Amino acid sequence: MTRALRAEFLKLTTTRLVAGMTVLAVALTALIGVLEAATAGTGKGMAIPSLATATGLRDNLASTGFALLIAALLGTVIATSEFRLKTATDTYLDQSARGRVLAAKAVAAATAGAVLGAAAAAAATGVALGFATSHGYALALSGPAIAHYTGGTVIASALLSAAGVGVGSLIRHQVGAIIAVVAWGLVVELVVGATVPAVGRFLPYTAAAMMAGDTNGGGMPQIPRGVIALPYPAAAVVLAAIATAAAVAAGLTTVRRDIT
Amino acid sequence: MTVIEVRGLVKQFGPATVVGGLSFSVGAGTIAGFLGPNGAGKTTTLRMLLGLVQPSSGQAVIWGKPYRELGDRRRRVGAVLEASGFHPGRTVTAHLRVRCAATGTGRSRIDAVLADTGMTGLAGRQTGSLSLGERQRLGLAAALLGEPEVLILDEPANGLDPAGVLWLRGFLRQLGEQGRTVLVSSHILAEVAQFADHAIVIDRGRLVSAGPVTELTKTARQVVTVRSPRAEALRAALASEGAAVRAAGPDRLEISGLDTEQVATLAAALGIPIFEITTDTGSLEQAFLRLTATEGRPG
């Protein structure tokens, strides 16, 4: 397992994939954060409450919704690139235990996802606190509360990235896997959440966004109204279970397939 | 001692039988050419030998064990199966570092394999900017990292320019001189005959011939071309000796069934001058086509 882990980490540090995806996540988070902060408390359509309030500050801290989706895509791309670039042949020649390779890939992707999530959380926190202090507001949330949401982004990003590896191993075709992940996050979960809110809270992207601080009816993309956040540890367990289930499903099916 | 052994190997993809009951073996220290036309099942066989494709039935083993069960396999068996299996954004050295990490090979080998394959000057280049020939060399470099006793190479000459083919030929000969066992797939018999001492010929997933390359080349039909001002007289004489003769021009004959010495001796006995006499080197490929029954079949 050590060799597989070393190889997977080295794969991630010798290309620009993680850096590129992290830059994209930070840029989107900062853009949404600034748009939210600039219109906070104005009462306009999608505007969040004033940053002087705990709700407004929390909403602004949770401008990491797209970063979470990018974290899931990072894991998906890590897994599917092996097939797109035909490097899977050498990977499985070097390490014949395919389950071990999958596990090592999920661990490496989770670490990269955590880095991406930390960078996005830092950007969101910087924007929120920067706007709040520039307006002369006293911080409406305590340090631990802020750490709770930023930590949620980091953990959720890590777990979504690991789940992305499972999805990417199940759907080897890179474009197909990316479309599936985006459609799931931006369409399926929103539809299910809006129609059956009691089920919506258990869906991975929704659970992740709520760990990062999104609330019922808030966030970008917006959490459907009526979806109540799972307790923080329960949300983490849901994400970990989904990541594990995707990896196990892949391990029992596609990962055993012939490498042609 | 047998190193590679394939016994009754079968692979079916849906209704199609790609490999149908193939058996052959390769002894230690042998350079074996694994020959067959495109679609003969060579790549599928090699992938089954390396545990990447599950056989429908039969076995393919190295030192008596399936590849996956070999201890320290990547230090004992090196393989190059895909010329394009590189991340284009990774440098040559980074690619080899990843392979070292995956196999537990010391990084000190990287410089050595780069030198062996003439890639030292390209160490910092991204693999995406390498030519096909350079990627083939990088594949060979990676396969040699563990200093393996056995090398399995799938069409390593594909896409190489003449200089690359020449280099590869010398490189493979060198591997043979080092006592390694090498199994090289190809669809060009004349090329394999330059470096291999054993040839395994398959077609449509079945064994056609296996044995020393010299035996295979003996079966090649020799065509002798002669240029003479008395071609017609010579033609009649050769035909009476049982040779098949074809006029290839006003003063040129193509003769099958007699070798150069017999043709020249006959001409001398009859006082017929000969200005030129050659043996057709394309006959190896004709032998291959006959063996694989692909003569006249579209490629």
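Residues numbered from 1 in each chain as written. Chains lettered and ligands numbered in written order. Predicted model: local features only at pLDDT ≥ 70, side-chain atom pairs only at ≥ 80, totals over all residues.

Here the focus is the overall build of chain B. The helix and strand inventory of chain B stands at eleven helices and 13 strands. Seen along its three principal axes, the alpha-carbon backbone of chain B occupies a region of about 75 × 45 × 35 Å. By the burial criterion, 42% of the 299 residues in chain B qualify as buried. By sequence separation, contacts in chain B at least 24 residues apart represent 68% of the contacts at least 6 residues apart. (Helix = DSSP H or I, 4+ residues; strand = E, 2+ residues; numbered from the N terminus. Buried ≥ 20, exposed ≤ 12 C-beta atoms within 10 Å, placed from the backbone. Contact = placed C-beta atoms within 7 Å.)

Here the focus is the overall build of chain A. Counting secondary structure elements, chain A contains eleven helices and zero strands. Seen along its three principal axes, the alpha-carbon backbone of chain A occupies a region of about 60 × 40 × 30 Å. A buried classification covers 52% of the 260 residues belonging to chain A.

Accessible area lost when the parts come together is the quantity often used to give the size of an interface. With domains assigned, chain B is organised as domain 1 (2-213) and domain 2 (223-279). The C-alpha-based centres of domain 1 of chain B and domain 2 of chain B are spaced at 44 Å. (Domains from an automatic or database assignment.)

The next point concerns the nonpolar core. Counting 154 residues, the largest nonpolar core has Leu68(A), Leu74(A), Leu116(A) and Leu239(A) as the members making the most contacts within it. Here the element with the most residues in this core is helix 6 (residues 98-134) of chain A; it accounts for 20 residues. The contact partners of Leu116(A), leaving out residues within four places of it in the chain, are Met21(A), Thr22(A), Ala25(A), Ala67(A), Ile70(A), Ala71(A), Leu74(A) and Ser157(A). Core analysis: the next-biggest nonpolar cluster, separate from the first, contains ten residues, Val245(B), Ile255(B), Val263(B) and Ala267(B) among them. (Core = buried A, V, L, I, M, F, W, Y, C linked by C-beta atoms within 7 Å.)

Next up on the list: the sheet that holds strand 12 (residues 252-256) of chain B. All names here are of chain B. Ordered in space as 11-12-10-13, the four strands form an open sheet in which the pairing is antiparallel. Of all strands in the sheet, those with a lone pairing partner are strand 11 (244-249) and strand 13 (276-279), marking the two edges. Each adjacent strand pair in this sheet contributes to an overall mean axis angle of 20°, direction not counted. In this structure, strand 10 (residues 223-227) lies alongside strand 13, joined through four bridges in antiparallel fashion. When the sheet's bridge partners are listed, Val224 is paired in strand 13 with Thr279. The strands touched by helix 10 (residues 260-269) are strand 10, strand 12 and strand 13; relative to strand 13, the strand with the most contacts, the crossing angle is about 160°. (Pairing = 2+ DSSP bridges. Axes fitted to C-alpha atoms, helices over the stretch in contact; angles between N-to-C directions.)

Before going further, it helps to spend a moment on the environment of Ala243(B). Residue and element names in this part refer to chain B. On the secondary structure map, Ala243 appears in the loop between helix 9 (231-240) and strand 11. Sequence separation between Ala243 and Asp259 is 16 residues; the distance between their C-alpha atoms is 9.7 Å. Excluding residues within four positions of it along the chain, Ala243 makes contact with Leu238, Ile255, Ser256, Gly257 and Leu258.

Let us look at unusual backbone geometry. Residues and elements named next belong to chain B. Its identity is not glycine, yet Trp63 carries a phi of approximately 50°, on the positive side. The topology assignment puts Trp63 in the loop between strand 4 (57-62) and helix 2 (73-76). Phi is positive for Glu155, close to 45°, though the residue is something other than glycine. With respect to the helices, strands and loops of the structure, Glu155 is situated in the loop between strand 6 (150-154) and helix 6 (162-177).

This brings us to the packing of helix 4 (residues 65-84) of chain A against helix 7 (residues 143-170) of chain A. Residue and element names in this part refer to chain A. Helix 7 packs onto helix 4 with a crossing angle of 35° between their chain directions and a minimal axis gap of 6 Å. The hand of the helix 4/helix 7 crossing is right-handed. Together, Ala67, Leu68, Ala71, Ala72, Leu73, Leu74, Gly75, Thr76, Val77, Ile78, Ala79 and Thr80 of helix 4 and Ala156, Ser157, Leu160, Ser161, Ala162, Ala163, Gly164, Val165, Val167, Gly168 and Ser169 of helix 7 make up the contact between the two elements. Of the residues in the contact of helix 4 with helix 7, the class split is 15 nonpolar, eight polar and no charged. (Left-handed = near helix turned anticlockwise from the far one by under 90°. Nonpolar A, V, L, I, M, F, W, Y, C, P; charged D, E, K, R; others polar.)

Contact residues are listed per partner, giving 22 residues for chain A and 25 residues for chain B. Here the side of chain A that touches chain B gets six residues from one element, more than from any other, and that element is helix 1 (residues 2-13) of chain A. Of the residues that constitute the side of chain A that touches chain B, the class distribution is seven nonpolar, seven polar and eight charged.

Attention shifts here to the pairing of strand 7 (residues 181-186) of chain B. All names here are of chain B. Among the six residues in strand 7, six count as buried, and that is most of the element. Of the two faces of strand 7, the one carrying Thr181, Leu183 and Ser185 and the one carrying Val182, Val184 and Ser186 are both buried. Pairing between strand 3 (residues 31-35) and strand 7: five bridges, direction parallel. Bridging from a neighbouring strand, Phe34 pairs with Ser185 of strand 7. By the bridge criterion, five bridges tie strand 6 to strand 7 in an arrangement that is parallel. Bridged to Leu151 within strand 7 is Val182. In terms of handedness, the path from strand 6 via helix 6 over to strand 7 forms a crossover that is right-handed. (Right-handed = clockwise from strand over helix to strand, strands pointing away.)

Residues and elements named next belong to chain B. Direction of pairing for strand 1 (residues 2-13) relative to strand 2 (residues 16-27): antiparallel, over a ladder of nine bridges. The residue of strand 2 that forms the bridge with Phe13 is Ala16. Count of turn residues in the strand 1/strand 2 antiparallel hairpin: two residues, of which Gly14 carries a positive phi of about 60°.

The next point concerns the sheet that holds strand 1 of chain B. Residue and element names in this part refer to chain B. Overall, antiparallel pairing links the three strands, which are arranged 2-1-4 in an open sheet. This sheet does not close on itself; its edge strands, each paired only once, are strand 2 and strand 4. Within this sheet the neighbouring strands show an average axis-to-axis angle of 15°, counted without direction. Bridge analysis of strand 1 against strand 4 gives five bridges, and the strand direction is antiparallel. Bridge assignment links Arg7 to a residue of strand 4, and that residue is Gln59. Docked against the sheet, helix 1 (residues 42-49) engages strand 1, strand 2 and strand 4, running at close to 115° with respect to strand 1.

Residues and elements named next belong to chain B. For helix 9, the full list of buried residues reads Ala231, Leu234 and Leu238. The arc enclosing the buried residues of helix 9, seen along the axis, measures out at 65°, which places them on a common side. Residues of helix 9 that are exposed and point over 90 degrees away from its buried face: Ala236 and Ser240. On its buried face, helix 9 is in contact with strand 10, strand 11, strand 12 and helix 10. (Arc of directions from axis to C-beta.)

Glancing now at the packing of helix 7 of chain A against helix 10 (residues 204-211) of chain A. Residues and elements named next belong to chain A. Running from amino to carboxyl end, helix 7 crosses helix 10 at an angle of 160°, the nearest separation of the two axes being 8 Å. With respect to each other, helix 7 and helix 10 are oriented roughly antiparallel. Contacts from Gly152, Ile155, Ala156, Leu160 and Ala163 of helix 7 reach helix 10 at Pro204, Ala208 and Met211. Among the residues making up the contact of helix 7 with helix 10, the classes are represented as seven nonpolar, one polar and no charged. (Parallel < 35°, antiparallel > 145°, perpendicular 65-115°, else oblique.)

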